[in-house]
Amino acid sequence: QVQLVESGGGLVQAGGSLRLSCAASGRTFSSNFMGWFRQAPGKEREFVAAIDWNTNTYYSDSVKGRFTISRDNAKNTVYLQMNSLKPEDTAVYYCAGRDSGTYGYYARENLYAYWGQGTQVTVSS
């Protein structure tokens with residue numbers, strides 16, 4: 001059974017930093033696209049960042065230059081380093097993974113087969 005478990009969320013002041021982790025179990029994701037999405041209260045879930053098997057990275061315009069996605073294949077873990085956090089970054093953050101051989105636009109949610117339970121990030125002003 002595949003599981004993605006996020007950790008590292010919490011409460012931080014504006015301008016601060018957090019690092020989210022997503023540990024995968026049940027299969028190896030080293031050759032898979034992995035992504036982070038977020039959902040703020042009252043809003044639809046949105047793409048944040050993604051990383052492919054060649055460690056090419058992709059970001060939404062709202063986080064580009066502030067967030068960094070990375071992966072440690074030896075640990076089967078994906079990270080999201082979030083710097084210069086803003087109150088509008090407050091959301092539940094979800095880790096997601098694709099099946100091998102799944103191609104297409106990196107921000108398309110329905111191409112991700114596996115999802116974590118989410119971790120809350122709250123940024124106070």
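J.: Help me get a handle on the state of the cysteines, residues and values and all.
T.: The final tally for this structure, using the stated rule, is one disulfide. The disulfide that involves Cys-22 links it to Cys-95, with 2.0 Å between the sulfurs. Measuring handedness by torsion sign, the sulfur bridge of Cys-22 and Cys-95 sits at about -75° and is left-handed. Remark: Cys-95 occurs in strand β9 (residues 91–97) and Cys-22 occurs in strand β3 (residues 18–25); sequence separation between them is 73 residues. Take Cys-22 and Cys-95: they sit in the same class, and that class is buried.

J.: Requested: an account of the pairing of β9, with residues and values cited.
T.: β9 sits mainly inside the fold: six of its seven residues count as buried. Strand direction decides the pairing type here: strand β4 (residues 34–39) and β9, joined by six bridges, are antiparallel. Each residue of the ladder has a partner; that of Arg-38, found in β9, is Tyr-93. Note that β9 and strand β11 (residues 119–124) share three bridges and pair antiparallel. Residue pairing across strands places Tyr-93 opposite Thr-119, the latter belonging to β11.

J.: Outline the packing of aromatic side chains, supporting the account with residue identities and numerical values.
T.: For the coordinates displayed, the defined rule picks out eleven aromatic pairs. Look at Phe-33 and Trp-53: their rings are 5.7 Å apart centre to centre, the planes differ by 80°, and that puts the pair in the edge-to-face class. With a gap of 20 residues between them, Phe-33 in the loop between β3 and β4 and Trp-53 in the loop between β5 (46–51) and β6 (57–59) connect regions that are remote in the sequence. The class for Phe-33 is buried, based on a relative accessible area of 7%. For the ring pair Phe-37 and Trp-115, a centre distance of 5.0 Å and an interplane angle of 55° mean the geometry is tilted. Here Phe-37 is found in strand β4, whereas its partner Trp-115 is found in strand β10 (residues 114–115), with 78 residues between them in sequence. Of the aromatic side chains, those joined through ring pairs into one cluster are Phe-33, Phe-37, Phe-47, Trp-53, Tyr-58, Tyr-103, Tyr-105, Tyr-106, Tyr-112 and Trp-115. In this structure, Arg-27 packs its charged tip against the face of Phe-29, placed 5.1 Å from the ring centre.

Conventions used here
Residues numbered from 1 in each chain as written. Predicted model: local features only at pLDDT ≥ 70, side-chain atom pairs only at ≥ 80, totals over all residues. Heavy atoms only, no water. Disulfide = S-S within 2.5 Å. Helix = DSSP H or I, 4+ residues; strand = E, 2+ residues; numbered from the N terminus. Buried < 20%, exposed > 50% of the residue type's maximum accessible area, 1.4 Å probe, protein only. Pairing = 2+ DSSP bridges. Phe/Tyr/Trp six-rings, centres within 6.5 Å; stacked < 30°, edge-to-face > 60°. Lys NZ or Arg CZ within 6 Å of the ring centre and 35° of its normal.

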